[in-house]
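As a plain string of letters, each chain reads:
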Amino acid sequence: MHPEPEQQDPDHDLAARIRRGDPAALQRLVDAKLPRILGFARRMLGDAGDAEDVAQETLLRTWQRAPDREPGGPPLDAWMHTVAMNLCRDRLRRRRETYLEVVPDLPEEGPGTVARLEAASDADRVQAAIARLPARQREAVVLCHFQEISNIRAAEMMDISVEALESLLSRGRRALRALLADLMV
């Protein structure tokens, strides 16, 4: 006996409204999914502008392709993450090295400035370490640890076995521990 679609996909009603072309569903889609997709793309790409483009394209494709999505398929959130992951892969393949031409302004000193700069520096180091992981390890780590997608669903999205995903996660975590050893004091 299979669970009802509503039990399989918490976004079942939203997906149905999108398939019908309900204009209010578009705003609900943006409100509900944009932050997660944007966060995913930022972690995958390490670039806010590219991440915004990927998030926007993911939302657009979700809206445009909704009538073709069959009810009972993968949950809307997983389907959207798969679209975003493929868009990120495409961008990473096309990416060329770019160099910073202008040094950004530093914030004025004041209470808490040093702590904010240190926290931002740590976050930048974590993002840089994630970016240094091999692509498949990065995808596994971001999907499971940052997006909180289950191992089973992430493996489906990456088209690999759960065991292969767990191996990628293990190697990715080891690499991150080595790259960020000084932060883990």
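Above this text is the structure in question.
Since this is a predicted model, take the numbers as computed values, not measurements.

Calculation rules
- Residues numbered from 1 in each chain as written.
- Predicted model: local features only at pLDDT ≥ 70, side-chain atom pairs only at ≥ 80, totals over all residues.
- Heavy atoms only, no water.
- Axes fitted to C-alpha atoms, helices over the stretch in contact; angles between N-to-C directions.
- Helix = DSSP H or I, 4+ residues; strand = E, 2+ residues; numbered from the N terminus.
- Parallel < 35°, antiparallel > 145°, perpendicular 65-115°, else oblique.
- Contact = heavy atoms within 4.5 Å.
- Salt bridge = Lys/Arg side-chain N within 4 Å of Asp/Glu carboxyl O.
- Buried < 20%, exposed > 50% of the residue type's maximum accessible area, 1.4 Å probe, protein only.
- Expected span 1.5 Å × (residues − 1).
- Core = buried A, V, L, I, M, F, W, Y, C linked by side-chain atoms within 4.5 Å.

What follows concerns the packing of helix α7 (residues 135-146) against helix α9 (residues 162-179). Two quantities define a packed helix pair, namely the angle between the axes and the distance from one axis to the other. As a packed pair, α7 and α9 sit with axes 8 Å apart at the nearest point and diverge in direction by 95°. With respect to α9, the element α7 is oriented roughly perpendicular. Where α7 abuts α9, its residues R136, Q137, A140, V141, C144 and H145 lie against L165, L168, L169, R171, G172, R173, A175 and L176.

What follows covers the pattern of salt bridges. Using the criterion set out here, one finds 11 salt bridges in the structure. In this structure, R17 engages D22 in a salt bridge whose closest nitrogen and oxygen atoms are separated by 2.9 Å. For R17, a relative accessible area of 25% corresponds to the partly exposed category. Through salt bridges with shared partners, a single ionic network connects D11, K33, R36 and D77.

Here we come to helix α5 (residues 76-94). In this model, α5 (19 residues) spans 27 Å end to end at C-alpha, consistent with the 27 Å of a helix rising 1.5 Å per residue. Buried within α5 we find L76, D77, A78, W79, M80, H81, V83, A84, M85, L87 and C88. On the buried face of α5, the contacting elements are α2 (12-19), α3 (23-45), α4 (48-65), α7 and α8 (151-158).

This brings us to unusual backbone geometry. One non-glycine residue, E148, adopts positive backbone phi at about 55°. On the secondary structure map, E148 appears in the loop between α7 and α8. Given a relative accessible area of 68%, E148 falls into the exposed group.

Of note, L59 is situated in helix α4. For L59, a relative accessible area of 10% translates into the label buried. For L59, the contacting residues outside a window of four places in its chain are L29, V30, L34 and M80.

Counting residues in each nonpolar core, the largest one holds 43 residues, and the members touching the most others are F40, L143 and L165. Elements represented by at least two residues in this core include exactly α2, α3, α4, α5, α6 (113-132), α7, α8 and α9. It is α5 that contributes the most residues to this core, 9 residues altogether. In this structure L165 touches A140, C144, N151, A154, A155, M158 and I160, once residues within four positions along its chain are discounted.

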